Amino acid sequence: MATFEEQCIERYFLAPGNSGPIAGVYVADEDLLEMFSVTDVALAHKRLLASLPHVSILKARFSGDIRPLQGKPPDYVRILIFLCWMQTTKTRKRGDRDFRELLEKQIGTRFTGANMSGLNLMWEHLRDFLAREHDIKLVLPAIHANIRQIGRTLQIAFPTWRDRAALRKLRQILPPERLLEPLEVSNRIYTSRHLLGNTMQSFEYNFEQFDCARKNGGREYARTPFWHAWYSVIAEQVALEDLEVVESDFGEYELFRVSPVGDRVPISSPDEAVKFVPKSVAKMIRGGTVFLESLGFGRYRAQASTASQILLMYSSKLAECTPSKIRFSVALNSRWVVAAFRGQEARQAAASGKREFGWLGGIRVGGAYLGRTPLTPVISSTLPLSVNVEISGRPIDLIQSEGVLALSPGIYSGPAVARSRGASHEVLMVPRANEVGETRRLAFDPSREIPEDEFHYGSAPSLSVETEIWQGERFDPRDELVTLGEALYARTARGLSFSEAVELVRKAIGYIEERPSVWDILRSFADAGWLETTLLRHFPVRRILQRPLSASLVSSELVRINGPTPLAVIDRISASAYAVGCVVEKWRGTSPWTLPRYVVRCPDESARKEFVLKAALGVLPSLLQAVADVANCDGVHGYSVIGRFDEDRGFFAVRFSEGMTEGLYRLERPGSNNPFLYRSVVRGSADQNYFSPSVALLSHHLRQGNQLFDYDGQFLSPRLARVVLPASWARWISDRALCNAGPRNDGSHWRYEYPLGHVGAQALSKIVPIAMERRADIGWIDRFVWSASNSGRTIYDGRLRKVRSNKSSVYGKRL
């Protein structure tokens, strides 16, 4: 990685020098955040000070006692950049103007009356170096008699307090409605120089850069230092920022303030944006209901009009809305939620008022509703105390929650009648989802969608079909996981948006205190073969599809069931198996939050063939040999950087700048329906592009040479935040171990783990780096015991002095 000195030379001299002579240096606070890879300005400030030489060396540099060596590269540029930043940072107080006093406050050492003649020596040495080594012209200001020592440093920095004073005068001249019109700003500066006073060289240089960009057309002018400085002066008195809500790659929502020049500031609540947004939007924030305009790709912007189906609103107001009109809602914090409404009912649905009595919400199963709490329908009523409910003639207890009445925890089946003051409403509840036929299921189409696995789709680390039945402790799934499985199966038949799937998981498990993350739960369904997460190629949305039900051969007597296995599917498979003398076995998972696997044990090959035919199970497609990475080194013309992955916290931090040094970046193409692009930038390697955030993250760490996973002999677990195996590989692991991947609490925190045998771990380690525990090679006795084809057979292990066996009844439960 480049040193801070090298970054300063590249960013402030080499990069702008390619476009012509340099006559000003613009050091923004945001530059320091990027160069030091932090998100806090105060921390970046501390690191900038820490990068400077010791104060004694610093004074010797300033006085000229330590001179730059002729013919040698500069080793002082970070000092000059610090002095420029010191004059222009937004953290500088408005009354601080004296150069030496500013330096004293930053360094903590007295500089009043100090000799600063060494500054000119450094600037001149840098000028000569750039001209000699890079053919770049650095235009130094003339030396004034009254500011001989610090004059050049004062004039080359932008924007100093003098530049801001000039821009404030300009702000008073222009009409308020024309403050952000670049032509008006340019014309007024050309014709009003006498009003602006004596500006420095850097002001002239940066204004010319801005005016040239303006004349070239487009919005390139908005990225110039002059326009950034101009907007910061406008923002002192006029609120012109936008409020944006952005759906993240992992299901959460993020909130930002966005300035007209593109600067984005993350905020935790809309209330923090009241002082910065237009009055019409601020009024909606204070009222607790903000209408959002969709910008595509899960991005929404606050607007003053009401022609919108998605709102940012108080959670208390959402509780007053009719649930049947709510398409989905996601909490931003304890006070605010993002809610989407059905049809054109946003204004009416968002308004407070009395709701009619009746059943609302729930998961539709044909003409009925799923009768498993907490996903059962709820009851709305203006008089909750007068409501009573009977299901199949039996009274049911009700729980008042968020302005509605919910059924007490349980599984319900039969007609449910709600009565209140002579009125009654009836719905039918069923305990499970209906099986989805192949003609009704929306299949994955690679011409329309990109799989979450991208180029790993349908591949496996090894093409071997040998099984290593996992030998650890197994658990039955929680009732909430079974309920969620039924709901997801019912909702994904024709495809489901990623946002709605995340909200469905939140509703199913949100009331449980000790639980894994929503993302891990949804990921476990994909890794278990129930779901396929995709990205539409030409529409800004992520969609979840239901995978087909199929069978794969383990041996002549054992068949694995692949795909979604809700209760109705298992009942049908069990009936088909019983009819031909086969038995369905349930192989439980590694924790109560892991889905089970199902296999069918047959007495002979003839019964196996008859079972597959009777159960109408498709054949699992052949796997491809997996590779670690597939290079896509195309350019990113037209794309803008909007995020950089924070490896410590596991999310894409906001980063709206064009520069990409080293890291994993998220890019978008404004004005198009292209999916996000993820670009891995690794020093010494060609930059590579990906569409899937999960694949991009895995490949980026591989390119960096990071150790990605730990293997302790039973579990494969990720070392780094958000790192997961492609779902195709996770299914291959599940096939070998007859045990699905999923979240598990190890006593201190939740970990997403893959149950894996040693042979499978060795095959996987040839593709991704794995820290393996040291152990002797597996002997033939271990392979004999772990092989599914030897189920029920015994063998004497001389090392352990005991008889060992592989009995399905120990780990698999017969149905």
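Given the structure is predicted, the values throughout are model-derived calculations rather than measurements.

The rules behind these values
- Note that residues are indexed from 1 along each chain, following the sequence as it is written.
- Per-residue local features of the predicted model are confined to residues with pLDDT of at least 70, and side-chain atom pairs are confined, for both listing and counting, to 80 or more; whole-chain, interface and lining totals are unaffected and use all residues.
- The side-chain values count all of the structure's non-hydrogen atoms but skip hydrogen atoms and water molecules.
- Strands here mean DSSP runs of E at least two residues long; helices mean DSSP runs of H or I at least four residues long; both are numbered from the N terminus.
- Note on classification: 1.4 Å probe, protein chains only; a residue is buried when its accessible area is under 20% of the maximum for its type, exposed when over 50%, partly exposed between these limits.
- Pairs of residues are marked as contacts when any of their non-hydrogen atoms sit within 4.5 Å.
- Surface accessibility in these figures is a Shrake-Rupley result with a 1.4 Å probe; residues are shielded only by whichever protein chains are displayed.
- Helix axes are fitted to C-alpha atoms over the stretch in contact, other axes to C-alpha atoms as well, and angles between N-to-C directions run from 0 to 180 degrees.
- In these notes the angle categories are as follows: under 35 degrees is roughly parallel, over 145 is roughly antiparallel, 65 to 115 is roughly perpendicular, and the rest is oblique.
- Helix crossings get a hand from a simple test, with the near helix turned counterclockwise from the far one by less than a right angle marking a left-handed crossing and a clockwise turn marking a right-handed one.
- Here the term charged refers only to Asp, Glu, Lys and Arg, the term nonpolar to Ala, Val, Leu, Ile, Met, Phe, Trp, Tyr, Cys and Pro, and the term polar to all other amino acids, Gly among them.
- Each aromatic pair joins two rings of Phe, Tyr and Trp (for Trp, the six-membered one) with centres within 6.5 Å, and gets the label stacked for planes under 30 degrees apart, edge-to-face for over 60, and tilted for any other angle.
- Any Lys NZ or Arg CZ found within 6 Å of a ring centre and within 35 degrees of that ring's normal is scored as a charge over the ring.
- Note on pairing: DSSP must find at least two bridges between two strands before they are called paired.
- Take the buried Ala, Val, Leu, Ile, Met, Phe, Trp, Tyr and Cys residues and link them wherever side-chain atoms come within 4.5 Å; each set so joined is a nonpolar core.
- Note on definitions: salt bridges are taken to be side-chain nitrogens of Lys or Arg within 4 Å of carboxyl oxygens of Asp or Glu.
- Each residue carries a pLDDT score, the predictor's own confidence in it, on a scale running from 0 to 100.
- For a helix, the expected span equals 1.5 Å multiplied by the residue count minus one.

Turning our attention to the overall build of the protein. Per the secondary structure count, the protein includes 26 helices and 44 strands. Taken over 815 residues, the protein has a buried fraction of 55%. Considering only residue pairs separated by 6 or more positions, the protein has 63% of its internal contacts joining residues 24 or more positions apart. Only carbon and sulfur atoms are counted for the fraction: they give 50% of the accessible area of the protein, which is about 36,100 Å².

Bringing the packing of helix α23 (residues 727–737) against helix α24 (residues 758–765) into the picture now. Where α23 meets α24, the closest approach of the two axes is 10 Å, and the angle between their N-to-C directions is 155°. It follows that α23 is roughly antiparallel to α24 by the angle criterion. Handedness of the crossing formed by α23 with α24: right-handed. On α24, the residues touching Trp729, Trp732, Ile733 and Arg736 of α23 are Val759, Gly760, Ala763 and Leu764. In the contact of α23 with α24, the residues fall into six nonpolar, one polar and one charged.

Scanning all chains against the criterion turns up 19 aromatic pairs. Clustering of aromatic rings is evident, with ring pairs tying together Phe158, Tyr190, Phe203, Phe207, Phe210, Tyr221, Phe226 and Trp227. Seen from the ring of Phe276, Arg257 lies directly overhead, with NZ or CZ sitting 3.7 Å from the centre. The ring of Tyr369 carries the charged tip of Arg364 above its face, separated from the ring centre by 4.9 Å.

Our next topic: the pairing of strand β3 (residues 242–247). The side chains of a regular strand alternate, residue by residue, between the two faces of the sheet. Among the six residues in β3, five count as buried, and that is most of the element. Of the strand pairs in this sheet, β3 and strand β4 (residues 253–258) are connected by six bridges, and their pairing is antiparallel. Considered in β4, the bridge of Glu247 is made with Tyr253. When β3 meets strand β7 (residues 299–303), the two strands line up antiparallel, connected through three bridges. Within β7, the residue paired with Val246 across the bridge is Arg299.

Moving on, we come to the nonpolar core. With 51 residues, the main nonpolar core has Leu522, Phe525, Val600 and Phe611 as its most contacted residues. Sorting the residues of this core by element identifies α17 (479–491), α18 (498–509), α19 (518–527), β27 (558–562), α20 (567–579), β29 (597–601) and α21 (605–614) as the ones contributing at least two each. Broken down by element, this core gets its largest block of residues, seven residues, from α18. With 49 residues, the next largest nonpolar core counts Ile79, Cys84, Trp123 and Ile156 among its residues.

Attention shifts here to the sheet that holds strand β21 (residues 449–451). On the basis of which strands lie adjacent, the open sheet formed by four strands has the order β21-β24-β25-β23 and antiparallel pairing. Of all the strands in the sheet, just β21 and β23 (496–497) have a single pairing partner and so form its edges. Relative to strand β24 (residues 531–536), β21 runs antiparallel, the two being bridged by three bridges. Residue pairing for β24: Glu449 is matched across the bridge by Leu536.

In the segment running from Phe158 into Pro159, the intervening peptide bond is cis, with an omega of -5°. In this structure, Pro159 sits in the loop between β2 (157–158) and α9 (161–173). For Ser392, which is not a glycine, the phi torsion comes out positive at approximately 55°. Structurally, Ser392 is set in the loop between β15 (387–391) and β16 (394–396). Backbone geometry at Arg421 places phi at a positive 50°, although glycine is not the residue there. In this fold, Arg421 is placed in the loop between β19 (414–420) and β20 (423–430).

Once that is clear, we can look at the pattern of salt bridges. For the structure on display, the rule yields 33 salt bridges. Asp735 is the salt-bridge partner of Arg560, the closest N and O atoms lying 3.6 Å from each other. Here the residue Arg560 occupies a position in strand β27, and Asp735 occupies one in helix α23, the gap between them amounting to 175 residues. Residue Arg560 shares its accessibility class with Asp735, and that shared class is buried.

Right, let's talk about the packing of helix α5 (residues 77–88) against helix α7 (residues 118–134) for a bit. Taken N-terminus to C-terminus, the directions of α5 and α7 make an angle of 115°; their axes are 10 Å apart at the nearest point. Note on packing geometry: the crossing formed by α5 with α7 is left-handed. In this structure, α5 contributes Val77, Leu80, Leu83 and Cys84 to the contact, and α7 contributes Leu119, Met122, Trp123 and Leu126. Within the contact of α5 with α7, the residues separate by chemical class into eight nonpolar, no polar and no charged.

Time to look at the sheet that holds strand β13 (residues 368–370). Taken in spatial order, the six strands make up an open sheet running β12-β13-β20-β19-β15-β16, and their pairing is mixed. Two strands bound the open sheet, and with one partner strand each, they are β12 (364–365) and β16. Relative to β20, β19 runs antiparallel, the two sharing seven bridges. If you follow Ser420 over to β20, its bridge partner there is Ala423.

Taken as a whole, the protein shows an average pLDDT of 84; of its residues, 88% reach a score of 70 or greater. Across residues 807–811, confidence stays below pLDDT 50; counting only partners more than four residues off in sequence or on other chains, it has 14 contacts.

With six of its six residues buried, β4 lies for the most part within the structure. Alternating positions in β4 separate into two faces, Tyr253, Leu255 and Arg257 on one and Glu254, Phe256 and Val258 on the other, with burial throughout.

Here we come to the environment of Thr3. One can find Thr3 in the segment before α1 (4–17). Between the C-alpha atom of Thr3 and that of Ser51, which follows or precedes it by 48 residues, the distance is 9.9 Å.

We now examine the side chain of Thr376. Residue position: Thr376 is located in the loop between β13 and β14 (378–380). With residues up to four places along the chain from it excluded, the contact list for Thr376 reads Gly362, Leu370, Gly371, Leu407, Tyr412 and Met429.

Our next topic: α5. The periodicity of an α-helix, 3.6 residues per turn, causes residues three or four positions apart to be oriented the same way. With twelve residues, α5 extends 17 Å from end C-alpha to end C-alpha; this agrees with the ideal 16 Å at 1.5 Å per step. When you tally the buried positions in α5, you get twelve out of twelve residues, the bulk of the element. When we look at burial in α5, the residues that qualify are Val77, Arg78, Ile79, Leu80, Ile81, Phe82, Leu83, Cys84, Trp85, Met86, Gln87 and Thr88.

Turning next to α17. Between its first and last C-alpha atoms α17 spans 18 Å; for 13 residues at 1.5 Å apiece the expected length is 18 Å, and the two agree. With ten of 13 residues buried, α17 is to be regarded as a mostly interior element. Here α17 has its buried residues at Glu480, Leu481, Thr483, Leu484, Gly485, Glu486, Ala487, Leu488, Tyr489 and Ala490.

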